[in-house]
Amino acid sequence: MSTAGFNSQNGTGTGQTYANGPSQNPVAPQQLPGVGYGAPHQPTYNAMQAKAPPTPAHPGLYPSGPYQPVTPVCSYQPGPPHTSYPAPSGQSLLPRPPVGGPPPHTPPQSASPGPRLPAAQATPPPPAVSSSSYYANPQHPVAPAWQYNAAPPPMGPPATVNAPPRGPAPRHANPASNSTGPPPPSVYSPAPAAPAPAPHHVPHGGPQPPGPRMPRTPQHGYTQPGTAPPPMTPMSPDAYQPNRAPYGPPPTGPPPAMKPAAPPPIGPPMANATPPPPRADAQCGGAVNSTLPPAEHDCPEGDIECPGNGPPDPSSYNHGDHHMGVPPQQPGTPGLHLGHYPSLPPGYQNTPSPMHPAIQAATQPNTQGPQPYPQPHGGPGLSPSLASLSLQASTPEALRVVNLLQERNLLPPTPIPAPTPCLQQDLQKINCHPEVFRSTLTSIPQTQSLLNKAKMPLGLLLHPFKDLSQLPVVTSSTIVRCRSCRTYINPFVSFLDQRRWKCNLCFRVNDVPEEFMYNPVSRSYGEPHRRPEVQNATIEFIAPSEYMLRPPQPAVYLFILDVSHNAVETGYLTVFCQSLLDNINALPGDARTKVGFITFDSTIHFYNLQEGLSQPQMLIVSDIEDIFLPTPDSLLVNLNECKELVQDLLKSLPTLFEKTMETQSALGSALQAAYKLLLPTGGRMSIFQTQLPNLGVGTLHSREDPNLRAAAKDVQHLSPATDFYKKLALDCSGQQVAVDLFLLSSQYCDLASLGCISRYSAGSVYYYPSYHHQHTPAQVECFQKDLKRYLTRKIGFEAVMRIRCTKGLSIHTFHGNFFVRSTDLLSLPNVNPDAGFAVQMSIEENLDDMQVVSFQAALLYTSSKGERRIRVHTLCLPVVNSLSDIFAGADVQAITGLLACMAVDRSATASLSDARDAMTNAAIDSLTSYRQSVLTIQQPGLLAPACLRLFPLFILALLKQKAFRTGTSTRLDERLFAMCQLKYQPLVYAMLMIHPALYRVDDLTDEGALSISERTVPQPRVLQLSVEKLSREAAFLMDAGTVMYLWIGRHCPLSFLTQVLGVTSYAAVPDNLYLLPELDTPESQRTRAFVGWLRDQRPFFPSLLVVRDESQLKPSFMQNMIEDRTESALSYYEFLLHLQQQISK
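None of these values were measured; they are calculated from a predicted model. (Residues numbered from 1 in each chain as written. Predicted model: local features only at pLDDT ≥ 70, side-chain atom pairs only at ≥ 80, totals over all residues. Heavy atoms only, no water.)

Regarding its fold elements, the chain presents 23 helices and 37 strands. Buried positions account for 62% of the 1145 residues belonging to the chain. A separation of at least 24 residues holds for 79% of the contacts in the chain among residues at least 6 apart in sequence. Total accessible area on the chain stands at roughly 41,000 Å², and carbon and sulfur atoms take up 55% of it. (Helix = DSSP H or I, 4+ residues; strand = E, 2+ residues; numbered from the N terminus. Buried < 20%, exposed > 50% of the residue type's maximum accessible area, 1.4 Å probe, protein only. Contact = heavy atoms within 4.5 Å. Areas by Shrake-Rupley, 256 points an atom, 1.4 Å probe, with all protein chains shown as cover.)

A few words now on the side chain of Thr440. Within the secondary structure layout, Thr440 lies in the loop between strand S6 (437-439) and strand S7 (444-445). Aside from chain neighbours lying at most four places away, what touches Thr440 is Pro457, Leu458, Gly459, Leu461, Gly889, Ala890, Asp891, Ala894, Ile895 and Leu898.

To summarise the sheet geometry, strands pair through backbone hydrogen bonds and adopt either a parallel or an antiparallel arrangement. If you trace the three strands from one edge of the open sheet to the other, you get S10-S11-S12, paired in antiparallel fashion. The open sheet is flanked by strand S10 (494-497) and strand S12 (509-511), the only strands paired with a single partner. Strand after strand, the sheet turns through a mean of 35° between neighbouring axes, direction not considered. One ladder, built from three bridges, connects S10 with strand S11 (residues 500-502); its direction is antiparallel. Paired with Phe495 across the two strands is Trp501, which belongs to S11. (Pairing = 2+ DSSP bridges. Axes fitted to C-alpha atoms, helices over the stretch in contact; angles between N-to-C directions.)

Attention now goes to the sheet that holds strand S32 (residues 997-1000). Judged by pairing direction, the sheet is mixed, and its four strands sit side by side in the order S32-S35-S36-S37 without closing on themselves. For this open sheet the edge positions go to S32 and strand S37 (1103-1107), each flanked by a neighbour on one side alone. Sheet twist, expressed as the mean angle between neighbouring strand axes with direction ignored, is 20°. Sheet analysis places strand S35 (residues 1035-1039) next to strand S36 (residues 1043-1048), joined by five bridges and oriented antiparallel. Its bridge partner lying in S36, Leu1037 is registered against Leu1046. Contacting S32, S35, S36 and S37, helix H21 (residues 1082-1096) runs over the sheet at an angle of about 10° to S35.

Before going further, it helps to examine the nonpolar core. Of all hydrophobic cores here, the largest spans 209 residues; its most connected members are Phe855, Phe964, Ile1048 and Leu1061. With sequence-adjacent residues up to four places away left out, Phe855 is seen in contact with Phe437, Ile444, Leu460, Arg804, Cys805, Leu809, Met841, His873, Thr874, Leu875 and Leu877. The next biggest cluster of nonpolar side chains, apart from the first, holds 43 residues, and it includes Val563, Leu609, Val637 and Phe657. (Core = buried A, V, L, I, M, F, W, Y, C linked by side-chain atoms within 4.5 Å.)

A grouping of Met618, Ile620 and Leu656 is seen on the molecular surface, where their side chains present a nonpolar patch of about 270 Å² in accessible area. For Met618, the location among the structural elements is in strand S19 (residues 617-621). (Patch = residues over 30% accessible without salt bridge, like charges linked within 9 Å, V, L, I, M, F, W, Y side chains within 5 Å. Salt bridge = Lys/Arg side-chain N within 4 Å of Asp/Glu carboxyl O.)

In this section: helix H10 (residues 724-734). Most of H10 sits out of view: eleven of its eleven residues are buried. Where H10 is concerned, the buried positions are Phe724, Tyr725, Lys726, Lys727, Leu728, Ala729, Leu730, Asp731, Cys732, Ser733 and Gly734. Downstream of H10 by a residue or two, Gln736 has a phi angle that is positive, lying close to 60°.

With that settled, the discussion passes to helix H18 (residues 972-984). With 13 residues, H18 should cover 18 Å at 1.5 Å per step; its first-to-last C-alpha distance of 18 Å lies within 8% of that length. Within H18, twelve of the 13 residues are buried, leaving the element largely enclosed by the surrounding structure. Within H18, the full set of buried residues consists of Leu972, Asp973, Glu974, Arg975, Leu976, Phe977, Ala978, Met979, Gln981, Leu982, Lys983 and Tyr984. Where the residues of H18 are buried, they touch helix H11 (751-754), strand S23 (765-769), strand S25 (809-815), helix H15 (892-909), helix H16 (912-934) and helix H19 (987-994). (Expected span 1.5 Å × (residues − 1).)

We now examine the pattern of salt bridges. All chains considered together, the criterion is met by 36 salt bridges. When the shortest N-O distance is used, the salt bridge between Lys962 and Glu974 registers 3.5 Å. Of this pair, Lys962 sits in the loop between helix H17 (951-959) and H18 while Glu974 sits in helix H18, placing them twelve residues apart in sequence. Glu974 gets classed as buried once you look at its relative accessible area, which sits at 18%. Its salt-bridge partner being Asp1003, residue Arg1000 comes within 3.7 Å of it at the nearest N-O pair. Judged by relative accessible area, Asp1003 falls into the partly exposed class, the value being 44%.

To continue, consider the packing of aromatic side chains. Each aromatic ring pair is described using two quantities: the centre-to-centre distance and the angle formed by the ring planes. Counted under the stated rule, the structure contains 27 aromatic pairs. Measuring from ring centre to ring centre gives 6.2 Å for Phe814 and Phe818, while their planes differ by 75°; the resulting arrangement is edge-to-face. Take Phe814: its relative accessible area is 2%, and that puts it in the buried class. For Phe818, a relative accessible area of 0% translates into the label buried. (Phe/Tyr/Trp six-rings, centres within 6.5 Å; stacked < 30°, edge-to-face > 60°.)

This part covers the pairing of strand S22 (residues 737-745). The buried count for S22 comes to nine of nine residues, which makes it a mostly enclosed element. The two faces of S22 match: Val737, Val739, Leu741, Leu743 and Ser745 on one face and Ala738, Asp740, Phe742 and Leu744 on the other face are all buried. Pairing analysis gives seven bridges linking strand S21 (residues 683-689) to S22, with the strands arranged parallel. Each residue of the ladder has a partner; that of Phe688, found in S22, is Phe742. Bridge count between S22 and S23: five bridges; the pairing is parallel. Considered in S23, the bridge of Leu744 is made with Tyr768.

Turning next to the packing of H16 against helix H23 (residues 1132-1143). It is at 10 Å that the axes of H16 and H23 come closest, and there the two elements cross at 55°. In terms of orientation, H16 lies oblique with respect to H23. Our pair here, H16 against H23, has a crossing hand that is right-handed. Mapping the contact onto sequence places Thr920, Ala923, Ile924, Leu927, Thr928 and Arg931 in H16 and Phe1135, His1138, Leu1139, Gln1142 and Ile1143 in H23. Residue composition of the contact of H16 with H23, grouped by class: six nonpolar, four polar and one charged. (Parallel < 35°, antiparallel > 145°, perpendicular 65-115°, else oblique. Left-handed = near helix turned anticlockwise from the far one by under 90°. Nonpolar A, V, L, I, M, F, W, Y, C, P; charged D, E, K, R; others polar.)

Bringing the side chain of Ser1131 into the picture now. Tracing the sequence through the fold places Ser1131 in the loop between helix H22 (1114-1118) and H23. Exposure remark for Ser1131: the relative accessible area of 12% places this residue in the buried category. Setting aside chain neighbours within four positions, we find Ser1131 in contact with Leu956, Lys960, Glu1123, Asp1124 and Arg1125.

Where helix H20 (residues 1054-1061) meets H21, the closest approach of the two axes is 8 Å, and the angle between their N-to-C directions is 70°. Between H20 and H21, the angle falls in the class roughly perpendicular. Together, Phe1056, Gln1059 and Val1060 of H20 and Glu1083, Ser1084 and Thr1087 of H21 make up the contact between the two elements. For the contact of H20 with H21, a count of residues per class yields two nonpolar, three polar and one charged.

In this section: unusual backbone geometry. The residue Phe507 is not glycine, and still its phi comes out positive at about 70°. At Glu798, a residue that is not glycine, the phi angle is positive and equals roughly 35°. In this structure, Glu798 sits in strand S24 (residues 796-805).

This part covers the pairing of strand S8 (residues 459-462). Regular strands place their side chains on alternate faces of the sheet. With burial as the criterion, each face of S8 is covered, one bearing Gly459 and Leu461 and the other bearing Leu460 and Leu462. Pairing of S6 with S8 involves three bridges; the strand directions are antiparallel. Bridge pairing in S8 places Phe437 opposite Leu462. Summarising the sheet, S8 and strand S28 (residues 837-843) pair through four bridges and their orientation is antiparallel.

Mean pLDDT over the chain stands at 73; residues scoring 70 or higher make up 65%. Every residue in residues 49-145 scores below 50 in pLDDT, and together they form 247 contacts with partners more than four places removed in sequence or on other chains. Across residues 306-395 the pLDDT falls below 50, and counting only partners more than four positions away or on other chains, this stretch makes 270 contacts in the model. (pLDDT = per-residue confidence, 0-100.)

Attention shifts here to the environment of Gln774. Residue placement: Gln774 occurs in the loop between S23 and helix H13 (777-792). With 203 residues separating them along the chain, Gln774 and Gly571 place their C-alpha atoms 8.3 Å apart.

Put into structure tokens, the structure is as follows:
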């Protein structure tokens, strides 16, 4: 297996550099004017400009750093475009024929919808500016503006390179991605299984026993996820008849009204006939009625998910997964509730009823011979149901004009829901849930020039492995995919007839495999459009053996523990060992699960846990410069076979080092040893570190100056001090090893450098500042809860994720923790249900002939049980051609989340002040565009559409967030951890960290309460984050995501103090109270139910801190009052005045 392609991405070749969020797509930039895709790039809107507003005349009104006068880098004047990406020498362009350029007209800009006009003629772009880099010393100058609608150019190679990865090849059927030439035909046949690393490893066979591929009813039982299988629809007498009319496009709406069934058509009885068997010449996810071998373009280079031709297995539809974290929901309409993806969609009866003509024709019995299918109208790839969309009707509430300077109370009393795309209701019901797949714009602009004019970022935010209460799981030997672009069949494809379907991403017509003709829901034949794959926007496949190159790896967990004097003093070791003992039987895995332990201070300690020993044996390696494994075969052991030895070790570890005086930390050497130990199998590495590494490789030195924590301008040392941890992370990623970091320290630990080990290996970072088992009991509780979730949550191994989009759209930058193996393939050695991702997009070709576009995220992973699975999410959005429609579909929370990711990258590659200026400019630019291009009647004031009324508030919240604030004392590690969270957390959790929620809790009632699991949960209204909303005669709860503050007023009612806190007076409230006592009072039950309900909505555990007026925690609480002015930041009203001043220029 060639490693050229992989090595070039890993920094060992001469092509691409290390790539990780933000990682540039090396395909999109490689275009010369007039070459490649043919449609020239439009001038790209530069969102993060270095312009800054002038200092106001009144001294002190704008004391914040980013508002100093700076010469504008770019104002939106006509001029040459800023994006051009010539192909680097020696690299070939995409072998795609050029298409015609757009006609020389611009789309309408009026607020009222009108007829579509051709797009403007684009000028061939000039050479591009350099892109940002994650390197501490970038080789290219930083781009002066934030270009978030076009692909940045690729970076040059790093100064230092890695050695080629060693060990077994990753188990993905993608040899083509690592080769430089076209793959031979045999590359897609199943490769022989690699030798197992241990005798107890067993190869993974097919998901079902071999047998005939006849779609008999007993082999196709499809059970809805839940407690009991629902009744199956009996086979209709006209289920499959050769003389009936062929089916039309798949029904996408709700079932029609029930009427008496029509009499069966006249013809030979076929109800009890055995359906014809599928043909045995099925190709790799493509057509089955062809005897030709798969063409090379069927499995494009770099497609990890493209399998080979393996032995077919009979389909099975009896899998329903129950996932933890979300309670099961009641059956209902597909797609209406998160996690509710019914595996039994409602059947459409063969009875006359009012419905779409195409659907009605498809469901009516017909005794005539087969008729030719009419071509769908409305553009390529659109079924009649899609072509009937009416997207011209604007949403009145979303475009309602709001004067931000006059309307004070803009914050809604309840959490803000995601906007609903302007789609036909039938499509919207089956669309992907916004907490899983979300776009910053729910209406996609028709052209790049229209997107530039709107001056809002276009991107996607994903939570691909989210815990779902119900998830349809399909086992089939035939996973139907487009032969051209490899898109998985989904609810938004078009069925031209029974035997052909058109891809909704590349519009290629594909054949329907014979096996796909059988519908396990109705147990009938000839209904491919009613299969579960075409009825659910989120679905999971159990992949056949063609999707693997070696047996699935076992679940392997390696724990690396700091046992220096500083670590022992914190007391974390006792908590860790006890938590692992309590949850050792809940670790995800099967009979092959392996565990191992390494401890370190100035030396490295291994533990021999081989079966047959009476007690664990410690093996000490003091040569940290040339680390080696003393007994490689007995350091990782089977958990089931050696569980007693593992438990003995966990019981003895806390006392083993309790008297140590070693103060040094050789973390780098311990990581090297752990990498060597996991090299043969892959797995998860969990590091627990309490101080700055100060010995051996990877040594770090303190870079923080405590006197500069409150700097009003730039903050230094946001980039890594060394590339050691990044290089090691890339090596780990290549061998399917992810590294999770738990940092428990009151000292500076250089998270900017240490965090790279998790960022580039798809790991997680946990940070507990000032952790001590006695002094900070709230952090101890938080650590215990987080550790339990971490040890027991679902996990996927050796995963890859690819995001595909409709032809004409392009993905160019990724955000999150991962490594970009090829142009658009994210390498995720581990994937967990708490990880979020974001991508930026641009429009490369005009979408003139399309009314909808689709996005699909496919996550291929190995479950802890050794199954190879594919989770697929598909999102459908409308295409619009007017600015008013674009603004009406703006998702203000998604825009804020994507801007936060971009600002984190700008802080590392440029400066914190640049990132702050860019966020402010993003608000100025979008509101300016709205005022100039959408408003028909100019009015005084700061005007915004209702859908963006909270955008300035969220931008101000970002400026005051711990990651970006200036002028307030902020420890460097805490700032960097906040940046990690903004990039890594799914949007719903990140928004609480950006803009906390404030509730009054001393007067909770049952009015409007929720009833969940036989408990009543009050629903108080959300209050504005301003001191004027506080009262000394009340108590307030602030939910800031990772922490909750319970603020007690000095004159808080005595009833609340006694019946909720269990104290007799305000003075009796303890300073370190972090637990609400369980009192048998209605007030206590309501308060604890509300706090528990908030905690249950997120995977991590937020600690609860009680704050009094004289408490040391009061400044932390008050810093979240975003609408108030501080010594170093504007109030919300002042910020609005500042925006108005800039817009009025």
